[in-house]
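Structural overview for review
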Amino acid sequence: MKARRNTLLTLLIFIISLLAFPVYVQAQKVKKVHGKASISFSLLDSQMSGPEAKRECIKQAQLNAIKEAFGELITSNTNMIDANVCGQEVSNFYEEVNLSSKAEWIEDTKTPSIKTESNDGIITITAEVWGKAREVPTASIDIDWKIMTGRQGHLFETDRFNHKQPIYIRFKAPVDGYLAIYLLDSTQKEANCLLPYKNNPKGRHEVKGGVEYTLFDKESDPKAFHYNLTTPAPVEVDNVVLIFSPNAFTKCNEITGDRRHPNSLSMDDFNAWLRKLQLRDTEMVVDKSKIVTIINEKSNK
């Protein structure tokens, strides 16, 4: 009788496990999402370019789509950029969105629709997006990273750079893992691979948990590449993307840059590569929240 009771108890536990498993899988499934957004700005008060405004509107539409499908646990901050270029005040803004806090945009299923209207000097851009998004587990890896500039011994955190000013990144993770960093240019047409360094034959950059790294610094790592941020325009706004996982991954195929420039690839190829990584690795952290502004006071454009 006792053996029978144990058998029934084991069977009951097994059935409960089977019932609970689909709930977990359901929480991780990819959903089709759809969203719209509009932004308006005055031609007199803003120097935002057409491509920049369209990019920010698409981001906001993606944010709205994810909110609709997964809830409100997503951080979003609108930031103003004020700069003085050759004695002229330049104002700009960008939307800083962390889609990975609750869900992440996986791919477009249809080309975003963009409509632009002008009325009495006010430009209104409306974006409509269709895509797939995936809820991210709440127990994500807590990483710490900062964008820095200056000179060795006197580095400071910043998101604004003068033309040809060096960039460094301070990074620390609680566990061993692998790290990649990409710089997306303001046109969103090209992704530049800053890490792994292009002299790394393995295509992987390994880091140790609990160790603080200063990346792009030859003094702390002789194999490091040193980067200066440059732009031919008066003001350029770029996106720094950090990718970290405790699981090994390799960078994607790239076009080899010269000795002064990092390797690069098209945004389409970058997004396709990143999408595959995220679908395979639920522990992967992708942080797209950091924006850098580069100011070139000597630009004639």
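Our subject is the structure listed above.
Remember, predicted model here, so these are calculated numbers, not experimental data.

1. Some points on the packing of aromatic side chains
- Tallied over the entire structure, the rule returns 7 aromatic pairs.
- Seen in terms of ring centroids, tyrosine 182 and phenylalanine 270 are 4.9 Å apart; in terms of plane orientation they differ by 50°. Their pairing is tilted. In this pair, tyrosine 182 sits in strand β10 (residues 177–184) while phenylalanine 270 sits in helix α3 (residues 267–280), placing the two residues 88 residues apart along the sequence.
- Between the aromatic rings of phenylalanine 270 and tryptophan 273, the centroid separation amounts to 5.9 Å while the plane-to-plane angle is 45°, which identifies the pairing as tilted. Taken together, the residues phenylalanine 270 and tryptophan 273, both in helix α3 and 3 residues apart, mark about one turn of the helix. Comparing phenylalanine 270 with tryptophan 273, the two get one shared label, buried.
- We note lysine 110 situated over the ring of tryptophan 130; from NZ or CZ to the ring centre the distance is 4.2 Å.
- The positively charged end of lysine 290 is found above the aromatic ring belonging to tryptophan 145, 4.9 Å away from the centroid.

2. Let's talk about the state of the cysteines
- Per the stated rule, a full pass over the model turns up 0 disulfides.
- Between cysteine 193, a cysteine without a disulfide, and cysteine 252, which holds the nearest cysteine sulfur, the sulfur-to-sulfur distance is 7.1 Å.

3. What to know about the layout of surface pockets
- Here the second largest pocket is characterised by a volume of approximately 640 Å³.
- If you trace the second largest pocket, you find 24 residues lining it, with Asn228, Thr230, Arg260, His261 and Pro262 closest to the centre.
- Of all the elements in the fold, those that place two or more residues in the lining of the second largest pocket are β11 (190–195), β14 (227–229) and β15 (235–245).
- The class makeup of the residues in the lining of the second largest pocket is 7 nonpolar, 7 polar and 10 charged.

4. Observations concerning the environment of histidine 226
- By the secondary structure assignment, histidine 226 is in the loop between β13 (213–215) and β14.
- Spatially, the C-alpha atom of histidine 226 lies 9.9 Å from that of histidine 261, the residues being 35 residues apart in sequence.
- Among all residues touching histidine 226, those that are not within four sequence positions of it are Pro166, Tyr168, Phe216 and Lys218.
- Among the polar contacts made by the side chain of histidine 226, one reaches the side chain of asparagine 228 at a distance of 3.3 Å.

5. Examining the nonpolar core
- Counting residues in hydrophobic clusters, the biggest one holds 30 residues, and the most contacted among them are Ile143, Phe171, Ile181, Leu215, Phe216 and Phe244.
- Broken down by secondary-structure element, the contributors of at least two residues to this core are β6 (144–151), β9 (165–172), β10, β11, β14, β15 and β17 (285–295).
- Every residue in contact with phenylalanine 171, bar those within four places of it in the chain, is listed here: Ile143, Asp144, Trp145, Leu179, Val207, Val211, Glu212, Tyr213, Leu215, Leu242 and Phe244.
- In this structure, Tyr178, Cys252, Met267 and Val286 belong to the second largest nonpolar core, which totals 18 residues.

6. Digging into the pattern of salt bridges
- The final tally for this structure, using the stated rule, is 6 salt bridges.
- The partner of arginine 55 in a salt bridge is glutamate 56, and the shortest N-O contact between them spans 3.3 Å. Grouping residues by exposure puts arginine 55 and glutamate 56 together as buried.
- Three or more residues joined by partner-sharing salt bridges are found here, namely Glu107, Lys132 and Arg275.

Basis of the calculations
Residues numbered from 1 in each chain as written. Predicted model: local features only at pLDDT ≥ 70, side-chain atom pairs only at ≥ 80, totals over all residues. Heavy atoms only, no water. Phe/Tyr/Trp six-rings, centres within 6.5 Å; stacked < 30°, edge-to-face > 60°. Helix = DSSP H or I, 4+ residues; strand = E, 2+ residues; numbered from the N terminus. Buried < 20%, exposed > 50% of the residue type's maximum accessible area, 1.4 Å probe, protein only. Lys NZ or Arg CZ within 6 Å of the ring centre and 35° of its normal. Disulfide = S-S within 2.5 Å. 1 Å grid on protein atoms, 1.4 Å probe; cavity = no way out; pocket = protein on both sides within 12 Å on 5 of 7 lines; lining within 4 Å. Points joined across faces, edges and corners; volume = space filled by probe spheres on them. Nonpolar A, V, L, I, M, F, W, Y, C, P; charged D, E, K, R; others polar. Contact = heavy atoms within 4.5 Å. Polar contact = N/O pair within 3.5 Å; in protein donor to acceptor, adjacent residues only side chain to side chain. Core = buried A, V, L, I, M, F, W, Y, C linked by side-chain atoms within 4.5 Å. Salt bridge = Lys/Arg side-chain N within 4 Å of Asp/Glu carboxyl O.

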